[in-house]
Amino acid sequence: MTIASTLKPPPVRARAAGRVSLLGMPVDRIDRAGVADAIDGFVRDGGHHQIVTINLDFLSIGSRNDQFHALVNDAALVVPDGMPVLWAARYLGGSLPQRITGPDVIHLAVEHSIRHGSSLFFLGAPAGVAAEAAHRLRAQYGAFNIAGIYSPPFGALDGDEDEKIRSMITDARPDFLFVAFGCPKQDFWIRDHADLAVPVSVGIGGSFEFLSGAIPRAPQWAQQRGLEWTFRLYHQPRRLAKRYLVDDVQVACKLLVSRFRGGHASHAQNGAHS
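First, a word on what this report is: a plain description of the structure on this page. Since we're looking at a predicted model, the values are computed, not measured.

Here's the deal with the environment of Leu108
For step 1, the next point in the chain: Tracing the backbone shows Leu108 in helix H5 (residues 102–116).
For step 2, the next point in the chain: Remark: the alpha-carbon pair of Leu108 and Ala33, spanning 75 residues in sequence, is separated by 9.1 Å.
For step 3, the next point in the chain: Aside from chain neighbours lying at most four places away, what touches Leu108 is Arg32, Val35, Ala36 and Ile39.

Set out below in structure tokens:
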């Protein structure tokens, strides 16, 4: 059951110290504590808030797809998922406090659930993976509120399958919805299902695989030095080779060129969307 209707909205507060623009797409200047504050505000506000965890792949897709570009610009919160995003902001004259990954947002939602009784719905990933992720999170944190877990069959999510998912989420009334369909499918799905009015909806890619142990996570030192992609490429070369070695290299070149075309990172001070 959602807690949005039982908590009084807090005073309006800035959720981020401005935004940095990368290839025309905003990234919020926010740290982990700021994200925790933002998602708490979203849950209290109710309604629909979409969070995008942006990395080089997202920037690459957004540079080629106008609809995805608009989706990122319309998101309630855009956080930098990847050290290269932080480096790009710095190179273009901006700054971002720290990397915020999909698993980071899930951990923050679990902590929110433990404190406030909010509920989480896990949607996507291969069968059993999201359930194992939830099991491991419970082993780490103790009991928290899982509103539902569902792994739909691979392929188009339309017709009866779409109605099934809609009914499950409507009945569960979660405060957090984490969707693992891969980018951009997951992010478009969240946008197109805004009428479900889940207060916090996040596309989280392979986060369930990482949290469940189905895919090993790079060592902390590799993550901090921006080398996680090499670790993932080693373990999933057929799936990730084109993305990392072609698409991400191309968008990196676009970022480099944008500096000389007046594409310096902007510093809007309006913060994340209310």
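Read on for the rest.
Notes on the environment of Arg44
For step 1, the next point in the chain: Relative to the assigned elements, Arg44 resides in helix H1 (residues 32–45).
For step 2, the next point in the chain: Among the residues examined, Arg44 registers a relative accessible area of 19% and is labelled buried.
For step 3, the next point in the chain: Sequence separation of Arg44 and Pro199 is 155 residues, and the distance between their C-alpha atoms is 8.1 Å.

A few points about the sheet that holds strand S8 (residues 200–203)
For step 1, the next point in the chain: Read across the sheet, 6 strands follow the order S4-S3-S8-S7-S5-S6 without closing on themselves; strand pairing throughout is parallel. Unpaired on one side and paired on the other, strand S4 (77–80) and strand S6 (145–150) mark the two borders of the sheet. Neighbouring strand axes in the sheet, compared pairwise and without regard to direction, differ in orientation by 20° on average.
For step 2, the next point in the chain: Direction of pairing for strand S5 (residues 119–124) relative to strand S7 (residues 176–180): parallel, over a ladder of 5 bridges. Looking across to S7, one finds that Leu120 is bridged to Phe176.

Examining unusual backbone geometry
The phi angle of most residues is negative, glycine excepted, and most peptide bonds adopt the trans form.
For step 1, the next point in the chain: The omega torsion across Cys183 and Pro184 is 5°, close enough to zero to call that bond cis.
For step 2, the next point in the chain: Located in the positive-phi region is Ala197, a residue other than glycine, with phi close to 55°.
For step 3, the next point in the chain: Given the relative accessible area of 39%, Ala197 is considered partly exposed.

Section: the nonpolar core
For step 1, the next point in the chain: Ile106, Leu120, Phe122, Phe178 and Phe208 are the most contacted members of the largest nonpolar core, which has 34 residues in total.
For step 2, the next point in the chain: Elements that contribute at least two residues to this core include exactly H1, S4, H5, S5, helix H6 (129–141), S7, S8 and helix H9 (207–212).
For step 3, the next point in the chain: Setting aside its immediate chain neighbours within four residues, Phe178 contacts Val105, Ile106, Ala109, Leu120, Phe121, Phe122, Leu123, Val202, Ile204 and Phe208.
For step 4, the next point in the chain: With 23 residues, the next largest nonpolar core counts Met25, Ile61, Leu71 and Phe188 among its residues.

About the criteria used
- Residues numbered from 1 in each chain as written.
- Predicted model: local features only at pLDDT ≥ 70, side-chain atom pairs only at ≥ 80, totals over all residues.
- Heavy atoms only, no water.
- Helix = DSSP H or I, 4+ residues; strand = E, 2+ residues; numbered from the N terminus.
- Contact = heavy atoms within 4.5 Å.
- Buried < 20%, exposed > 50% of the residue type's maximum accessible area, 1.4 Å probe, protein only.
- Pairing = 2+ DSSP bridges.
- Axes fitted to C-alpha atoms, helices over the stretch in contact; angles between N-to-C directions.
- Core = buried A, V, L, I, M, F, W, Y, C linked by side-chain atoms within 4.5 Å.

Shape descriptors only; they carry no functional weight alone.
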